[in-house]
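As a plain string of letters, each chain reads:
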Amino acid sequence: MKITGSEALMLALKAEGVKTIFGYPGGAIMPVYDALYDYTRGEKTAFDHILVRHEQGATHAAEGFARVSGEVGVALVTSGPGATNTLTGVADAMMDSTPIVVIAGQVGVAALGTDAFQEVDLVGVAQPISKWSYQIRRAEDIAWAVSRAFYIARSGRPGPVVLDFPKNAQVEKVDFVPQKVDFVRSYVAYPKLNEEAVKKAAQLINQAKKPLALVGQGVELGHAQEELKVFLEKADIPAGRTMLGLSALPSNHPLNVGMLGMHGNYAVNLKEQECDVLIAIGMRFSDRVTGNLKTYAKQAKVIHLDIDESEINKNVKAHVAVIADCKVSLPAITALVDKADHQEWKDSFKPLTEKEHEKVIMPAIHPTEGPLRMGEVVNTVAEATKGEAVLVTDVGQNQLFATRYFRYHQYRSICTSGGLGTMGYGMPAAIGATFGAPGRTVCCFMGDGGFQMCIEELGTIMEQQSPVKMILLNNNYLGNVRQWQDMFWQRRKSFTKMLNPCYELIAKAYHIPYEAVTDRARLPEAVERMFATEGPYLLECAILEEDNVMPMTPPGMNVDDMMLEM
């Protein structure tokens, strides 16, 4: 029995195990939405469709869903501006290796190239910022294209795939036959492990007196969290974590020595310049981690474990490269490393850690006077959730304070925009996270700037009653830019001061419970009330306007130039 291409898409998505779709309808995708109508109710029910309020929100929600669930997030939009609105999310997913599939309507094949209403060359535009982009011109290609899209998105180093779906293919009739793509010529998703490289890596680790591991998101993407712990514990190696890799190793693990990077922890950043063997696991040596590459870790032998060969020697030259899924490479190396004891090396971190604790952490999380500080708000929320919640952040100071002072005891516990640094990411990503991890508490920290960039998604939260606990850190500034202006631009605050609306009235308009906190004595009780309230909640905290994120390695400077004070 022949069915339309639109219904074939429903069956293809169902075959891939899709249950949640984030989307926004429009003219060029209307046949698909008509088919979706039957698949969201009645006997055919297969999907939850979440109506977002902006197509960028659909992609960020799909990202949040993917990050916490480990599955592929799906966004469904129309052509033209609907499709181009997704591109920020596509680029964000590409930078952060997040598996999403964006399906966009398109004008019929006969109208392509005529500047038809809401026509845009989506494949051409998306190609540089996606893992694969493809136009489905015939209904008979739907099963193959969808299966290939999901295989590419989720396999190897994950990433976004864009499917451009012309209207003629949506309405054509086809005999649907499910397909399963698990091989693409010239695409090697899982490189074969090089045993010689494994031996060389193990030999260097066994010879090391001051080894240091750098743990990235690749560990979580490869589901290798337990393999990581076994490796670190056997070789007794202290480990720093990138921002996206924070929940790959529990916060309270004795070998966890903090967060890497520009605003990471003092000891681990300085010790990168002292270690004799540096083991990078599923991380890409971002400029925010390395600082000045000319001086970065020049004393160390570098071992780089990564599934993507293009990352090897891209920024930091590796003495040994182990190109494979870390789920495979870590156990192979662990089997060859000696049981070690590096207590003296680990103890050398303690004075630096104590120095940061005294000069930075305690003043940030336990201030005794003045307005509220971001660090104390994050710390209060973290204590209330006991390290079990999912952290979602927007971008800016809220992100940096939140990632520094939150706690992570479960895997896949952080959603934040790392590589692209997308303001507006937080709220829609948090919505997606509530669907990706429905049994977990989702805490979303936002600044007043990022909150307003996707503020329309409060409508999605209202409609879905998504239980997002939104913590608005309001300092009436674009805080991160303001900090840089103060530090590097002679305090010339050019257009970073914000005139903000009344967030209480906005929350009331969306029927979302709200509370404002200006007094630190009331903060614990306000946080308790937020978590005692079912469904969504907006907690606005009035923050010290010139609160600064420290420590900081100034851009382009050496890692060991990290500043504890401005």
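Now for a quick tour of the structure. Keep in mind that this is a model prediction, so the values were computed, not measured.

The rules behind the values
Residues numbered from 1 in each chain as written. Predicted model: local features only at pLDDT ≥ 70, side-chain atom pairs only at ≥ 80, totals over all residues. Heavy atoms only, no water. Helix = DSSP H or I, 4+ residues; strand = E, 2+ residues; numbered from the N terminus. Rg over C-alpha atoms; globule rule 2.2 N^0.38 Å. Buried < 20%, exposed > 50% of the residue type's maximum accessible area, 1.4 Å probe, protein only. Contact = heavy atoms within 4.5 Å. Areas by Shrake-Rupley, 256 points an atom, 1.4 Å probe, with all protein chains shown as cover. Lys, Arg positive; Asp, Glu negative; His and termini not counted. Charge placed at Lys NZ, Arg CZ, Asp CG, Glu CD. Core = buried A, V, L, I, M, F, W, Y, C linked by side-chain atoms within 4.5 Å. Salt bridge = Lys/Arg side-chain N within 4 Å of Asp/Glu carboxyl O. Axes fitted to C-alpha atoms, helices over the stretch in contact; angles between N-to-C directions. Parallel < 35°, antiparallel > 145°, perpendicular 65-115°, else oblique. Nonpolar A, V, L, I, M, F, W, Y, C, P; charged D, E, K, R; others polar. 1 Å grid on protein atoms, 1.4 Å probe; cavity = no way out; pocket = protein on both sides within 12 Å on 5 of 7 lines; lining within 4 Å. Points joined across faces, edges and corners; volume = space filled by probe spheres on them. Expected span 1.5 Å × (residues − 1). Pairing = 2+ DSSP bridges. Phe/Tyr/Trp six-rings, centres within 6.5 Å; stacked < 30°, edge-to-face > 60°. Lys NZ or Arg CZ within 6 Å of the ring centre and 35° of its normal.

## Describing the overall build of the chain
Then, in step 1: Secondary structure summary: the chain contains 24 helices and 20 strands in total.
Then, in step 2: Against the globule reference of 24 Å for 566 residues, the chain gives a C-alpha radius of gyration of 24 Å, in line with a compact fold.
Then, in step 3: With the C-alpha coordinates aligned to their principal axes, the bounding extent of the chain is approximately 70 × 60 × 45 Å.
Then, in step 4: Relative to its 566 residues, the chain shows a buried fraction of 59%.
Then, in step 5: Excluding contacts between residues fewer than 6 apart, the proportion of contacts in the chain whose partners are at least 24 apart in sequence is 76%.
Then, in step 6: Per element, the accessible surface of the chain, about 22500 Å² overall, is 53% carbon and sulfur.
Then, in step 7: Looking at the chain, you have 55 positive and 66 negative side-chain charges, and the mean spots of the two groups are 4 Å apart.

## Some details on the nonpolar core
Then, in step 1: Leu278, Phe285, Tyr296, Phe406, Phe445, Ile471 and Cys541 are the most contacted members of the largest nonpolar core, which has 65 residues in total.
Then, in step 2: Setting aside anything within four residues of it in sequence, one finds Phe285 in contact with Leu214, Leu278, Ala280, Thr290, Tyr296, Val302, His304, Asn315 and Val316.
Then, in step 3: One finds Val18, Leu36, Ala149 and Phe165 within the second-largest nonpolar core, a separate group that totals 40 residues.

## A short note on the pattern of salt bridges
Then, in step 1: The tally for this structure, following the rule as stated, stands at 28 salt bridges.
Then, in step 2: Among the salt bridges present, the one from Asp175 reaches Lys2, with a minimum N-O distance of 3.3 Å. Remark: Lys2 occurs in the segment before strand E1 (3-4) and Asp175 occurs in the loop between strand E8 (173-174) and helix H9 (195-207); sequence separation between them is 173 residues.
Then, in step 3: Its relative accessible area of 46% is what places Asp175 among the partly exposed residues.

## Side note on unusual backbone geometry
Then, in step 1: The amide bond that connects Met550 to the next residue, Pro551, takes the cis arrangement and shows omega of 0°.
Then, in step 2: Looking at where Pro551 falls in the secondary structure, it is placed in the segment after strand E20 (537-542).
Then, in step 3: Even without being glycine, Phe495 reaches a positive phi, approximately 60°.
Then, in step 4: Tracing the backbone shows Phe495 in the loop between helix H22 (479-488) and helix H23 (503-509).
Then, in step 5: Exposure remark for Phe495: the relative accessible area of 79% places this residue in the exposed category.

## A few points about the packing of helix H3 (residues 55-69) against helix H5 (residues 87-95)
Then, in step 1: Interhelical geometry of H3 versus H5 gives an angle of 25° and a closest axis separation of 7 Å. Comparing their axes, H5 and H3 come out roughly parallel. On H5, the residues that touch Gln56, Thr59, His60 and Glu63 of H3 are Thr88, Gly89, Asp92 and Ala93.
Then, in step 2: Of the residues that constitute the contact of H3 with H5, the class distribution is 1 nonpolar, 5 polar and 2 charged.

## Looking at the layout of surface pockets
Then, in step 1: Put simply, the second largest pocket is a space of about 730 Å³.
Then, in step 2: Only strand E11 (256-259), helix H15 (343-347), helix H16 (350-365), helix H17 (374-385) and helix H18 (397-405) provide two or more residues apiece to the lining of the second largest pocket.
Then, in step 3: Examining the composition of the lining of the second largest pocket, we find that 6 residues originate from one element, H16, more than from any other.
Then, in step 4: The residue makeup of the lining of the second largest pocket, split by class, is 12 nonpolar, 9 polar and 8 charged.

## Regarding H3
Then, in step 1: The end-to-end C-alpha distance of H3, which contains 15 residues, comes to 21 Å, matching closely the 21 Å that a straight helix rising 1.5 Å per residue would cover.
Then, in step 2: Where burial is concerned, most of H3 is hidden: 14 out of the 15 residues are buried.
Then, in step 3: Backbone geometry just after H3 places Gly70 at a positive phi near 80°.

## Comments concerning the sheet that holds strand E18 (residues 468-474)
Strands pair in a sheet through their backbones, by hydrogen bonds, and they do so in one of two ways: parallel or antiparallel.
Then, in step 1: Read across the sheet, 6 strands follow the order E16-E15-E17-E18-E20-E19 without closing on themselves; strand pairing throughout is parallel. What marks the edges here is a single partner per strand, and that holds for strand E16 (414-415) and strand E19 (514-517).
Then, in step 2: Where strand E15 (residues 390-393) and strand E17 (residues 442-447) come together, 4 bridges link them in parallel fashion. Paired with Thr393 across the strands is Phe445, a residue of E17.
Then, in step 3: Where H17 meets the sheet, its contacts fall on E17, E18 and E20, and the angle it forms with E17 comes to roughly 175°.

## A closer look at the sheet that holds strand E12 (residues 277-281)
Then, in step 1: Strand order in the open sheet formed by 6 strands is E11-E10-E9-E12-E13-E14, and the pairing between neighbours is parallel. The outermost strands of the open sheet, each flanked by one partner alone, are E11 and strand E14 (320-323). The mean angle between the axes of side-by-side strands here comes to 20°, regardless of whether they run parallel or antiparallel.
Then, in step 2: Two elements, strand E13 (residues 301-306) and E14, share 4 bridges in a ladder whose sense is parallel.

## Here's the deal with the pairing of strand E4 (residues 73-77)
Every regular strand shows the same layout, with side chains that alternate between the two sheet faces.
Then, in step 1: By the criterion of burial, E4 is predominantly enclosed, with 5 of the 5 residues buried.
Then, in step 2: Burial along E4 is two-sided: Gly73, Ala75 and Val77 and Val74 and Leu76, pointing in opposite directions, are all buried.
Then, in step 3: Of the pairings in the sheet, the one linking strand E2 (residues 20-23) to E4 comprises 2 bridges and is parallel in character. Each residue of the ladder has a partner; that of Phe22, found in E4, is Ala75.
Then, in step 4: Pairing between E4 and strand E5 (residues 100-106): 5 bridges, direction parallel. Considered in E5, the bridge of Ala75 is made with Val102.

## Concerning the packing of aromatic side chains
Then, in step 1: All chains considered together, the criterion is met by 14 aromatic pairs.
Then, in step 2: Here Arg41 stacks its cationic end above the ring of Tyr37, 3.9 Å away from the centre of that ring.
Then, in step 3: Across from the ring centre of Trp132, 4.7 Å away, lies the NZ or CZ of Arg148, which sits over that ring.

## Side note on empty space enclosed by the protein
Then, in step 1: Tallied over the full model, the rule gives 3 cavities of 30 Å³ or more.
Then, in step 2: Residue lining of the largest cavity: Arg67, Ser97, Thr98, Pro99, Gln217, Glu220, Leu221, Leu244, Arg412 and Ile414, and that is the complete set.
Then, in step 3: Grouping the constituent residues of the lining of the largest cavity by class yields 4 nonpolar, 3 polar and 3 charged.
Then, in step 4: Around the second largest cavity, the lining residues are Ala12, Ala15, Glu16, Ala143, Ser147, Phe176, Pro178 and Gln179.
Then, in step 5: Put simply, the parts of the chain that give the lining of the second largest cavity at least two residues each are helix H1 (5-15) and helix H7 (142-154).
Then, in step 6: Taken together, the residues that form the lining of the second largest cavity break down as 5 nonpolar, 2 polar and 1 charged.

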